[in-house]
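So the chains spell out like this:
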Amino acid sequence: MPDLALLLTPAAATPDVLRQCVDVGIRAAIIFGSGFAEEAGETGQQLQEEVAAIARDHDLALAGPNSEGLADTGTGLAATFSPVLRDMDPLPDSERLEGPRVNVIAQSGALGFGLFDLAWSRGLAVQRVITTGNEASLTMADYVDFHVDEGRTDALLLFVEGFGDGRRFLAAADRCRKAGIPIVMLRVGRSRVGQRQAASHTGALAADDRVVADLMADAAIIETREMDEAVECAGLAARLRHILPAGPRMGICSSSGGGAGLLADLCDGAGLDVPELEPATRSSLDQSLPSYGSSINPIDATASGIRALGYAGLTKTLSDDPNVDGVIVAASGRTVATVGKEVGALKSLASTCPKPIVFWSYTSPIPEFLDVMQTCGLPVTTKAGAIVKTLKGLASMHVPDGSAVRHSVEPPSLTPGIMTEASAYPLLEGLGLEPGPWKVVRSAEEAASAVVDMQRLVALKVQSAAIPHKTEAKAIRLNVSVDDAASAFEEIIDNARSHAPHVSVDGVVVQAMAEPGVEMILGALSDPVFGPLVMVGLGGTFAELFEDTVFAEAPVTEAKARDMIERLRGRAILDGARGEPPADKAALCRAIAAVSTLAAAPGLRELDLNPVFVHRNGLTVADALIVVEPT
């Protein structure tokens, strides 16, 4: 009985052929043919749904349609028409290659086998390449899960055009993370043009890139921009998976000040720190470095310092510093004059150092240099950018205590439509989010009376589900005093009716102006690909301009909320700037966690709290917009 059927049939004939395979007991199939959901119109989509139903009803492992197949160098299986394997007959055995094992999973057949070709040509032990096609049945997440269960993979290299069930993929990625298997991803659909191409090519729905990038970083996935970089990162990640950096702090040493500076800039751009070294470390280094060298991290050892300490001595001193989680060494691979004399010391360092060490060759390395690095067990590459991306991703693979634990709060029921402040504020107050003193009024006299009661300047905001953007309608006034309250009320009502003559106006909210604080934005949404998400960012008038936001799967804990805050580019403003007191981060973390419970509420489409003023003690929600769809 055949184990696997390969279908090269026209799309219209494929369902019947697949049924014939099932009838004779075949349990796995690959559909190479196109003409399914990747094509415009209903016919292709219906055919794809039909083959998916056959696979589901008969427990058939189905790859494709529109797949280029797979190859497994461990078993010698080449179920593909890719020209990459044309000269590989018989298929080479990856078991004969030294080094860690990398496997490729790709939604593009051509690019999947292209990555396999590049990786194999560079000596990586690639056992398997799988191209998923349209994923009518088996998805990227299923293949990731398989490699976790198999337990023989040191790194996964993924090419992704889109996510069908984003939540399911993130769950598989989380299993990879917990199993210590790094994921390197090359993803298209980042630009608007790329998103259009991804949708037309495979029928995939490309999610907003800011959201996807945040979620991939949160899953410790190493994202790359081009094929060469992806292959380099996969090779490095596979070699370093058992020596993860404990954190993002990198020690850098180089014989060249320029090389040290370049690596420091790349680290900073990737979100890695280049910390100050302990005085004892610098004192030790200064004994061997010339006066024109520098023991400040990044270390400019100069050629003289390298001769005095050797790469092994310099690297060991740097790795022993408690402020350092990993070491990047810049060296010229054009000569073995120095490293050739240090094979024993470098080999000993590589086998005993509990921190990752990576060599960057800023020249094209000669074979003898690569042989020394291979003998010593030290990874080396000419791609400095790949080094910092890989180390950043590996440092993120540690799961902090509590960050993976979700709140199990039952989400509240919400009223369909646009919830104005009058209906949103009681909901927020129930979650511990305070908007300060507020009141709904329906006359100029009530407005003036409310201001008297609050005894401070206030904001007046029209309440109408049909006018969510009050500024455009000129239906909001800020810093209103008791003397101006009545006229401000009349003006707001007139402007609202002029802006939308036929809509219902449900009064005006009088809300006390918030005390000064750091303006933040909190949000929640139901993403069509990744499900409930929560967001935090720098808020106020320029929130959309700066786009300094971080998204995460919801709900989150307060510990996870703190991690989100630390990933903001402008996070330093919360620590106090220009003489301002530090903001209450703990209160902000509680607020993020509270908002995240609303993300899973039935029907929630989006929630915006902007601005939220974070004070020295506590915070104030100054505005709210909640959009709820009928469930």
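In case you missed it, the structure is sitting above this.
Since we're looking at a predicted model, the values are computed, not measured.

This brings us to the packing of helix 1 (residues 14-23) against helix 2 (residues 42-57). Describing two packed helices takes the angle between their axes plus the distance from one axis to the other. Orientation of helix 1 relative to helix 2, taken along the N-to-C sense of each, is 5°, at an axis distance of 9 Å. In terms of orientation, helix 1 and helix 2 fall into the roughly parallel class. From helix 1, Thr-14, Pro-15, Leu-18, Arg-19 and Val-22 reach across to helix 2, where they touch Leu-47, Glu-50, Val-51 and Ile-54. Taken together, the residues of the contact of helix 1 with helix 2 break down into 6 nonpolar, 1 polar and 2 charged.

Here the focus is the pattern of salt bridges. Within this structure, the stated rule accounts for 33 salt bridges. Arg-567 is the salt-bridge partner of Asp-214, the closest N and O atoms lying 3.9 Å from each other. Taken together, the residues span a long stretch of sequence, with Asp-214 in helix 7 (residues 209-218) and Arg-567 in the loop between helix 19 (558-566) and helix 20 (585-598) at a distance of 353 residues. By relative accessible area, Asp-214 is classed as buried at 13%. According to the relative accessible area criterion, Arg-567 is partly exposed, its value standing at 27%. The closest approach of N and O atoms between Glu-606 and Arg-605, which form a salt bridge, is 3.7 Å. Through salt bridges with shared partners, a single network forms among Asp-142, Asp-145, Asp-149, Arg-168 and Arg-175.

A few words on helix 12 (residues 343-352). The set of residues buried in helix 12 consists of Leu-346, Leu-349 and Ala-350. End-on, the buried residues of helix 12 take up no more than an arc of 95°, which puts them together on one face. Seen from the open side of helix 12, the exposed residues pointing more than 90 degrees away from its buried face are Gly-344, Ser-351 and Thr-352. Where helix 12 is buried, its residues contact helix 11 (302-319), strand 14 (357-361) and helix 13 (367-376).

Here we come to the nonpolar core. Ranked by size, the top nonpolar core spans 47 residues in total, and within it Leu-157 and Val-184 carry the most contacts. When residues of this core are assigned to their parent elements, the largest contribution, 8 residues, is made by helix 8 (residues 227-240). Those residues in contact with Leu-157 that sit more than four places away from it in its chain are Val-102, Asn-103, Val-104, Ile-105, Leu-115, Val-184, Ala-230, Val-231 and Ala-234.

Let's shift gears to a nonpolar patch on the surface. A contiguous nonpolar surface patch, about 340 Å² in accessible area, is contributed by Leu-4, Leu-6, Leu-8 and Leu-77. Mapped onto the secondary structure, Leu-4 falls in the segment before strand 1 (5-7).

Further remarks concern the sheet that holds strand 11 (residues 250-254). In spatial order, the strands read 12-11-13-14-15; together these 5 strands make up an open sheet with parallel pairing. Each of the sheet's edge strands pairs with one partner strand only, and the pair in question is strand 12 (299-300) and strand 15 (380-381). Sheet topology places strand 11 next to strand 13 (residues 326-331); 5 bridges connect them, and they run parallel. Of the residues in strand 13, the one forming a bridge with Ile-252 is Ile-328. Those strands touched by helix 9 (residues 257-270) are strand 11, strand 12, strand 13 and strand 14, and its axis lies near 160° from that of strand 11.

Right, let's get into unusual backbone geometry. Put simply, Asn-297 and Pro-298 share a cis peptide bond, and its omega is 10°. Within the secondary structure layout, Pro-298 lies in the loop between helix 10 (279-286) and strand 12. The amide bond that connects Ala-554 to the next residue, Pro-555, takes the cis arrangement and shows omega of 0°. Looking at the element boundaries, Pro-555 is found in the loop between strand 23 (549-553) and helix 19. With a phi close to 55°, Lys-474 is a non-glycine residue in the positive phi region. Looking at where Lys-474 falls in the secondary structure, it is placed in the loop between strand 18 (458-462) and strand 19 (476-480). You can call Lys-474 exposed: its relative accessible area is 61%. Positive phi, normally seen in glycine, also occurs at Asn-479, with a value near 55°. When its relative accessible area of 47% is taken as the criterion, Asn-479 is described as partly exposed.

Here the focus is the pairing of strand 22 (residues 531-538). Taken across its 8 residues, strand 22 has 7 buried, putting it largely inside the fold. The pairing of strand 21 (residues 518-527) with strand 22 spans 8 bridges and is antiparallel. In the strand pairing of strand 22, Met-520 is matched with Leu-538. The hairpin formed by strand 21 and strand 22 contains 3 residues between the paired strands. Two strands pair when backbone bridges link them, and strand 22 and strand 23 are joined in this way by 5 bridges, in the antiparallel orientation. Directly across from Met-535, in strand 23, lies its bridge partner Phe-551.

The rules we used
- Residues numbered from 1 in each chain as written.
- Predicted model: local features only at pLDDT ≥ 70, side-chain atom pairs only at ≥ 80, totals over all residues.
- Heavy atoms only, no water.
- Axes fitted to C-alpha atoms, helices over the stretch in contact; angles between N-to-C directions.
- Helix = DSSP H or I, 4+ residues; strand = E, 2+ residues; numbered from the N terminus.
- Parallel < 35°, antiparallel > 145°, perpendicular 65-115°, else oblique.
- Contact = heavy atoms within 4.5 Å.
- Nonpolar A, V, L, I, M, F, W, Y, C, P; charged D, E, K, R; others polar.
- Salt bridge = Lys/Arg side-chain N within 4 Å of Asp/Glu carboxyl O.
- Buried < 20%, exposed > 50% of the residue type's maximum accessible area, 1.4 Å probe, protein only.
- Arc of directions from axis to C-beta.
- Core = buried A, V, L, I, M, F, W, Y, C linked by side-chain atoms within 4.5 Å.
- Patch = residues over 30% accessible without salt bridge, like charges linked within 9 Å, V, L, I, M, F, W, Y side chains within 5 Å.
- Areas by Shrake-Rupley, 256 points an atom, 1.4 Å probe, with all protein chains shown as cover.
- Pairing = 2+ DSSP bridges.

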